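As a plain string of letters, each chain reads:
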Amino acid sequence: MAEFWRAATTFPAVLFTTALVVVIGFWLLVLLGAVESDSFDGDVNTDAFGLGGVPVSVSASLTVACSWFFCLTGSVLLVRAGLAGGLVHLLGAVLLFAALFVSWRLTRLLVRPLVKLFPDEPGPSLQDFIGLTCTIRTGWVDVAFGQAEVTARDGSTAVVQVRQNDGSRLALGSTGLLYAYDDAGEFFWVTPFDTVLDPRG
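Residues numbered from 1 in each chain as written. Predicted model: local features only at pLDDT ≥ 70, side-chain atom pairs only at ≥ 80, totals over all residues. Heavy atoms only, no water.

Asker: I would appreciate a short explanation of the packing of helix α2 (residues 13-32) against helix α3 (residues 56-81) in the present structure.
Answerer: Two quantities define a packed helix pair, namely the angle between the axes and the distance from one axis to the other. At a closest axis distance of 9 Å, the pairing of α2 and α3 adopts a crossing angle of 145°. Crossing angle aside, the handedness with which α2 passes α3 is left-handed. On α3, the residues that touch A13, F16, T17, A19, L20, V23, F26 and W27 of α2 are S57, V58, S61, V64, A65, S67, W68, C71, L72 and S75. Its residues assigned to classes, the contact of α2 with α3 comprises 13 nonpolar, five polar and no charged. (Axes fitted to C-alpha atoms, helices over the stretch in contact; angles between N-to-C directions. Helix = DSSP H or I, 4+ residues; strand = E, 2+ residues; numbered from the N terminus. Left-handed = near helix turned anticlockwise from the far one by under 90°. Contact = heavy atoms within 4.5 Å. Nonpolar A, V, L, I, M, F, W, Y, C, P; charged D, E, K, R; others polar.)

Here is the structure:
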């Protein structure tokens, strides 16, 4: 334990030990809700380093943790080698950069499978359909029954549950306007819409 503590608190591992303490403190703040895990994404672009696709905090944390481990292990081995003091310091400086380089390469491999967990754009939402027109796909629509086909802004289509309570007629093939979504009932409120007024033609 004493050897581990000595290596962690002396050059070169002490630099990464300090960084690791900061990383642990950051993630504790994230767990407490004081900061967001993507707080630094607007300030740093990691794409040039091959670490894009995940929040900067994730790639930086992995790099620091790996660097600390490699540097700590290397420091212990240097001390055990019984080399002269000056040579140990020189090799320690080399170890510092070598640990950082190896960690960067390793982090690049580690973030690849994580990219799909952090999509660039949020997924589609039912709220995106509000304000769009739809085509009624059932014989009628009332307060308890009805379905319609709606085309999203990205060109995809979906069949959704629709309801109306104004007594107007919405028959098969007619056009309606989705103006609200009922979370409890999981349906859209729809009203008749004149296709001439549709800005999408």
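Asker: Looking at this model, I keep getting lost on the state of the cysteines. Mind explaining?
Answerer: Working definition of a disulfide: a covalent bond connecting the sulfur atoms of two cysteines. On inspection of all chains with the given rule, the structure shows zero disulfides. Looking at the unpaired C66, the closest cysteine sulfur is the one in C71, lying at 13 Å. A residue is classified by how much of its surface remains accessible, and C66, at 13% relative accessible area, is buried. (Disulfide = S-S within 2.5 Å. Buried < 20%, exposed > 50% of the residue type's maximum accessible area, 1.4 Å probe, protein only.)

Asker: Honestly, the packing of aromatic side chains in this entry has me stumped. Any pointers?
Answerer: For any pair of aromatic rings, geometry is given as the distance between the ring centres together with the angle between the planes. This structure, assessed with the given rule, holds eight aromatic pairs. Each ring, one from F26 and one from W27, has its centre 5.2 Å from the other, and the planes form 75°; the classification is edge-to-face. The interplanar angle of 65° and the centroid separation of 6.0 Å between the aromatic rings of F129 and F188 together place this pair among those described as edge-to-face. In this pair, F129 sits in the loop between α4 (85-111) and β1 (133-136) while F188 sits in strand β5 (residues 187-192), placing the two residues 59 residues apart along the sequence. The buried category is assigned to F129, whose relative accessible area is 11%. (Phe/Tyr/Trp six-rings, centres within 6.5 Å; stacked < 30°, edge-to-face > 60°.)

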